[in-house]
Amino acid sequence: MEGKSALQIDRKSSIESEPRTLSFDQIQCAREAAMYVLSTRSIEEAMTIFTKLLNTKSGYKLRENKRP
């Protein structure tokens, strides 16, 4: 093809931009952590943890410390 352009399009698979799916073990761990929070904290504290803390480094440490 003589009219071919030198411009190339950098394409990326759509799977790379999709959120990752949790494994069964990760889901089970999240359930156990949620039940622990609900049984040891007030509803107000639990709501704060579930809505604000999970996206912070402290929330990550909380999840890591819960693992067996």
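Residues numbered from 1 in each chain as written. Predicted model: local features only at pLDDT ≥ 70, side-chain atom pairs only at ≥ 80, totals over all residues. Heavy atoms only, no water.

Let's talk about the overall build of the protein chain
Piece 1. In terms of regular secondary structure, the protein chain is built from 3 helices and 0 strands.
Piece 2. The N-to-C order of helical and strand elements in the protein chain reads α-α-α.
Piece 3. By element, 54% of the accessible surface of the protein chain is carried by carbon and sulfur atoms, the whole surface being about 6800 Å². (Helix = DSSP H or I, 4+ residues; strand = E, 2+ residues; numbered from the N terminus. Areas by Shrake-Rupley, 256 points an atom, 1.4 Å probe, with all protein chains shown as cover.)

Section: the packing of helix α1 (residues 24-40) against helix α2 (residues 43-51)
Piece 1. Between α1 and α2, the shortest axis-to-axis distance is 8 Å and the interhelical angle comes to 150°. Regarding the angle of α1 to α2, the classification is roughly antiparallel. Crossing of α1 over α2 shows right-handed handedness. Contact with α1, carried on its side by Ala34, Val37 and Leu38, involves Ala46, Ile49 and Phe50 of α2 and no other residues of that element.
Piece 2. Of the residues that constitute the contact of α1 with α2, the class distribution is 6 nonpolar, no polar and no charged. (Axes fitted to C-alpha atoms, helices over the stretch in contact; angles between N-to-C directions. Parallel < 35°, antiparallel > 145°, perpendicular 65-115°, else oblique. Left-handed = near helix turned anticlockwise from the far one by under 90°. Contact = heavy atoms within 4.5 Å. Nonpolar A, V, L, I, M, F, W, Y, C, P; charged D, E, K, R; others polar.)

Details of a nonpolar patch on the surface
Piece 1. Residues Met35, Leu38, Ile43, Met47 and Phe50 make up a contiguous nonpolar surface patch of roughly 490 Å² in combined accessible area.
Piece 2. Looking at the nonpolar patch, the elements with two or more residues in it are α1 and α2.
Piece 3. When residues of the nonpolar patch are assigned to their parent elements, the largest contribution, 3 residues, is made by α2.
Piece 4. Examined against the element boundaries, Phe50 turns out to sit in helix α2. (Patch = residues over 30% accessible without salt bridge, like charges linked within 9 Å, V, L, I, M, F, W, Y side chains within 5 Å. Salt bridge = Lys/Arg side-chain N within 4 Å of Asp/Glu carboxyl O.)

Thoughts on the confidence of the model for the protein chain
Close inspection of predicted coordinates is inappropriate in any region flagged by low pLDDT.
Piece 1. On average, residues of the protein chain carry a pLDDT of 76, and 65% of them reach 70 or more.
Piece 2. Predicted confidence in the protein chain is weakest over helix α3 (residues 57-66), with a mean pLDDT of 58, and strongest over α1, with 92. (pLDDT = per-residue confidence, 0-100.)

Let's talk about the environment of Ala46
Piece 1. When you line up the elements, Ala46 lands in helix α2.
Piece 2. Given the relative accessible area of 1%, Ala46 is considered buried.
Piece 3. On a C-alpha basis, the gap between Ala46 and Ala34 in space is 8.5 Å, while along the polypeptide they are 12 residues apart.
Piece 4. Not counting chain neighbours up to four residues away, the residues in contact with Ala46 comprise Val37, Leu38 and Arg41. (Buried < 20%, exposed > 50% of the residue type's maximum accessible area, 1.4 Å probe, protein only.)

Structural notes on the environment of Val37
Piece 1. Positionally, Val37 belongs in helix α1.
Piece 2. In this structure the C-alpha to C-alpha distance between Val37 and Phe50, which are 13 residues apart in sequence, comes to 9.1 Å.
Piece 3. What Val37 contacts, discounting residues up to four positions off in sequence, is Ala46, Ile49 and Phe50.

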